[in-house]
Amino acid sequence: VVTNINKPWQGPRLDFTKYALECPLIEGAKYLITLRIKVDKESFEGQMTPCGETNDWRECLKLTRKIMLSDQNDRYSSQRVNKGIVGKYGEWFTFTSTWTYEADDLVDT
């Protein structure tokens, strides 16, 4: 549960370094990422979220992948959760994406 989000960049973070050490990532393989998400706002349950109404990129959730490199030239990639995926406050929805790691992503992390 993530609460008291005050900045647009705030949200849950998952560092899966330990999982990659136990099961190393494979160059070029596709990894399926599946998230179950519920957006809550007190007194708004059942009402449409701003993203569900307008699909405005500033209102929609974003899944971001960050690859941290030792030379500080970290790489980011993002995918928006668009209208049609997210709907009303208090309702669960599923978001899926695929991630692929190239050789440069895996050498220096």
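Figured I'd write up the structure that's included with this text. Everything numeric in this text was worked out from a predicted model, so none of it was measured. (Residues numbered from 1 in each chain as written. Predicted model: local features only at pLDDT ≥ 70, side-chain atom pairs only at ≥ 80, totals over all residues. Heavy atoms only, no water.)

## A few points about the overall build of the protein chain
Consideration 1: Scanning the protein chain from N- to C-terminus turns up three helices and four strands.
Consideration 2: Overall size of the protein chain, expressed as C-alpha extent along the three principal axes, is 45 × 25 × 25 Å.
Consideration 3: Across the 109 residues of the protein chain, 19% fall into the buried class.
Consideration 4: If you take every contact in the protein chain between residues at least 6 apart in sequence, the share linking residues at least 24 apart comes to 68%.
Consideration 5: Only carbon and sulfur atoms are counted for the fraction: they give 51% of the accessible area of the protein chain, which is about 8,600 Å².
Consideration 6: Side chains of the protein chain give 15 positive and 16 negative charges; the mean places of these two sets differ by 5 Å. (Helix = DSSP H or I, 4+ residues; strand = E, 2+ residues; numbered from the N terminus. Buried < 20%, exposed > 50% of the residue type's maximum accessible area, 1.4 Å probe, protein only. Contact = heavy atoms within 4.5 Å. Areas by Shrake-Rupley, 256 points an atom, 1.4 Å probe, with all protein chains shown as cover. Lys, Arg positive; Asp, Glu negative; His and termini not counted. Charge placed at Lys NZ, Arg CZ, Asp CG, Glu CD.)

## Notes on the packing of aromatic side chains
What describes a pair of aromatic rings is the distance from one ring centre to the other and the angle between the planes of the rings.
Consideration 1: The tally for this structure, following the rule as stated, stands at two aromatic pairs.
Consideration 2: Ring geometry for tyrosine 31 versus tyrosine 101: centroids 6.0 Å apart, planes at 70°, classification edge-to-face. Taken together, the residues tyrosine 31 in strand β1 (residues 30-38) and tyrosine 101 in the loop between β4 (92-100) and α3 (103-107) connect sequence positions 70 residues apart.
Consideration 3: Note on tyrosine 31: relative accessible area 24%, which makes it partly exposed. (Phe/Tyr/Trp six-rings, centres within 6.5 Å; stacked < 30°, edge-to-face > 60°.)

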